[in-house]
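Coordinates in review
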Amino acid sequence: MPDIKVTPLGAGQDVGRSCILVSIGGKNIMLDCGMHMGFNDDRRFPDFSYITQNGRLTEFLDCVIISHFHLDHCGALPYMSEMVGYDGPIYMTHPTKAICPILLEDFRKITVDKKGETNFFTSQMIKDCMKKVVPLNLHQTVQVDEELEIKAYYAGHVLGAAMFQIKVGLESVVYTGDYNMTPDRHLGAAWIDKCRPDILISESTYATTIRDSKRCRERDFLKKVHETVERGGKVLIPVFALGRAQELCILLETFWERMNLKAPIYFSTGLTEKANHYYKLFITWTNQKIRKTFVQRNMFEFKHIKAFDRTYADNPGPMVVFATPGMLHAGQSLQIFKKWAGNEKNMVIMPGYCVQGTVGHKILNGQKKLEIEGRATLDVKLQVEYMSFSAHADAKGIMQLIRMAEPRNMLLVHGEAKKMEFLKDKIEQEFSISCYMPANGETTTIVTNPSVPVDISLNLLKREMALGGPLPDAKRPRTMHGTLIMKDNSLRLVSPEQALKELGLSEHQLRFTCRVQLHDPHSDTDTLGRIYTHLKSVLKSYSIQHVPDGTVIVESIVIKVTSSAEEPNLKVILLSWSYQDEELGSFLSTLLKKGLPS
């Protein structure tokens, strides 16, 4: 039986370094190639030695697919393609292709230029890696080779994020990447058609969460920011450059305008200009409201939000600063946090998920003393708030996607083991499908049972109807007899006569013969008469004829009797039948071997 194998090299019962290997129909596909925010050693990247111990990855992989530009999904790409070695195609959407190299370069600068790490990819490697990228549009079916095809669907989450359907023949897998089932201020909701894949591989970051109303969360966020600014405090909002950042900027911009507030709002320099440039460029990927109002007013040109300079962090008085990265594991957000952590007037609002090992994760778990970069201890006195503006699907959203796609099996990645376990049980209970949650390096094998579509000729259907069979019903399988013709990768079931005509063949009759020896003192004619009488009493529903030429005919079966010259009492009964009556022929030969009733 054909099967599909799925092995996470990263994001198996974990959040970070998403990298999933899929083997389907003899093809090998790598889904995402991310890095882990919580590690600074070898564990930062997926373990590619699982694919091959030595040599390049090109001959082992048919293609690589990147779902979106977040570093936990694309951060290991230059390392994989340029340092380990991969020359095949890398598929991603146009916005991902535009933004990915900017974030990779930013990540490289922090790691190499600021922290001084050596075994790391270079700027040139990022450029060489991006040359291998094949950009694609939503709903465009791309033929990777003769058998393998892929198609992208809108995933919400961040600009350019996509879910991918991978198809080889009749087998298919859908990989969600990160997705959001609820629209927000700047992006639409994820959508996929009823494609009924063999496996749906879904993220499960918020596997046990059902988020409260978005409006309440936004009100709460604005209230906390406003109160802190009013008492003269500073608010730090660690964000990733694209995604939640734009969402919260639009929220604060409209609030500042409405309340006529004067406290300055800043955004980490460099990335915001580039980010907003790409939002304008890929306006079609945003939601309907932004697309509609775009002509009169660009939502991404902010009046109240200015570029941040590092010297501003020491300025007296209230301010709000959006700084990257979002988990406080490095960069400008961490620098500002160190300066402001000692003052209880200040506040840090964590708007998204924080991976274990990051400063963000530690302070959210209530840690008041931090050892930063192995040096001095930092006292955390400022207020710490967590407000999920994360653009991931919650438990309700994941269930909604399953209803949309109707998969035959479910596989969870990009989540914590305990939470996954809970969701796994819920999915199996509600949808009666198998759900898997492999750990990193663990392979899940799912046996597929592909249905093969066959066209049936009208003549054959008419003949079946004439025989008085039930009307065709999609829900009731039935057996049909005919000749199967395969032509140009399609299958047709036709009547034998039509098949012979189409293929220019002449018909041959195939008959089986069998001899049965019988001791009977009567003449040959009397023995045949006795056989006729015996069969009439046994086979009541069959048509049985005693023909004057000295034969008995049952359906297509012909029966003759001859006797031996040496032994007149030893009769030889000859049976002959066509292959259609093979079962009846076998039954009659067995019956006659038992002898005739006296």
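Residues numbered from 1 in each chain as written. Predicted model: local features only at pLDDT ≥ 70, side-chain atom pairs only at ≥ 80, totals over all residues. Heavy atoms only, no water.

Under the criterion given, the structure shown has 17 aromatic pairs. Through a chain of ring-to-ring contacts, three or more aromatic side chains come together here, namely F45, F48, Y79, F107, F120 and F121. Above the plane of the ring of F45 lies R44, whose end atom (NZ or CZ) is 5.9 Å from the centre. Its guanidinium or amino end placed over the ring of F389, R217 lies 6.0 Å from that ring's centre, counting from NZ or CZ. (Phe/Tyr/Trp six-rings, centres within 6.5 Å; stacked < 30°, edge-to-face > 60°. Lys NZ or Arg CZ within 6 Å of the ring centre and 35° of its normal.)

The next point concerns the domain arrangement of the chain. Interface size, as often reported, equals the accessible area lost upon joining of the parts. Looking at the assigned domains, one finds that the chain contains domain 1 (3–210 + 391–443), domain 2 (214–386), domain 3 (455–503) and domain 4 (511–594). The C-alpha-based centres of domain 1 and domain 3 are spaced at 43 Å. (Domains from an automatic or database assignment.)

One can find K27 in strand 3 (residues 27–31). Residue classification places K27 among the buried positions, given a relative accessible area of 11%. Among the polar contacts listed, one links the side chain of K27 to the side chain of D145, at a separation of 2.8 Å. A polar contact of 3.1 Å, which involves the side chain of K27, links it to the side chain of E147. (Helix = DSSP H or I, 4+ residues; strand = E, 2+ residues; numbered from the N terminus. Buried < 20%, exposed > 50% of the residue type's maximum accessible area, 1.4 Å probe, protein only. Polar contact = N/O pair within 3.5 Å; in protein donor to acceptor, adjacent residues only side chain to side chain.)

With an omega of -5°, the peptide bond between T324 and P325 qualifies as cis. Mapped onto the fold, P325 is located in the loop between strand 15 (319–323) and helix 9 (331–340). Look at A11: it is not a glycine, yet its phi comes out positive at around 70°. Tracing the chain through its elements places A11 in the loop between strand 1 (3–10) and strand 2 (19–24). Judged by its relative accessible area of 0%, A11 falls in the buried class. The backbone phi angle of N260 is positive, close to 55°, even though this residue is not glycine. Following the sequence through the fold, N260 ends up in the loop between helix 6 (244–259) and strand 13 (265–267). Using a relative accessible area of 55% as the deciding quantity, one classes N260 as exposed.

With that out of the way, let us pick up the pairing of strand 11 (residues 199–203). Counting buried residues in strand 11 gives five out of five residues, a clear majority hidden from the surface. Residue alternation in strand 11 divides its side chains into two sets, I199, I201 and E203 and L200 and S202, and both sets are buried. Bridge count between strand 10 (residues 171–175) and strand 11: three bridges; the pairing is parallel. Bridge pairing in strand 11 links V173 to I199. (Pairing = 2+ DSSP bridges.)

Quick look at a nonpolar patch on the surface now. On the surface, L170, V452, V454, I456 and L484 cluster together to form a nonpolar patch covering roughly 420 Å² of accessible area. Secondary-structure assignment places I456 in strand 23 (residues 454–456). By relative accessible area, which is 36% here, I456 ends up partly exposed. (Patch = residues over 30% accessible without salt bridge, like charges linked within 9 Å, V, L, I, M, F, W, Y side chains within 5 Å. Areas by Shrake-Rupley, 256 points an atom, 1.4 Å probe, with all protein chains shown as cover. Salt bridge = Lys/Arg side-chain N within 4 Å of Asp/Glu carboxyl O.)

The strand order 26-30-29-28-27 describes an open sheet built from five strands, whose pairing is antiparallel. The sheet is open, and its two borders are formed by strand 26 (511–519) and strand 27 (544–547), each paired with just one other strand. Averaged over all pairs of adjacent strands, the angle between strand axes in this sheet comes to 20°, irrespective of strand direction. This element, helix 15 (residues 524–538), spans strand 27, strand 28 (551–554), strand 29 (557–563) and strand 30 (570–578) of the sheet and lies at about 145° to strand 29. The sheet contacts of helix 16 (residues 582–593) involve strand 26, strand 28, strand 29 and strand 30, and relative to strand 30 the element is tilted by about 170°. (Axes fitted to C-alpha atoms, helices over the stretch in contact; angles between N-to-C directions. Contact = heavy atoms within 4.5 Å.)

A word on the side chain of E247. Turning to its location among the elements, E247 is positioned in helix 6. Not counting residues within four places of it along the chain, the set of residues in contact with E247 comprises D184, R185, H186, K214 and E218.

A few words now on the environment of Q517. Note that Q517 resides in strand 26. Aside from chain neighbours lying at most four places away, what touches Q517 is L570, K571 and V572.

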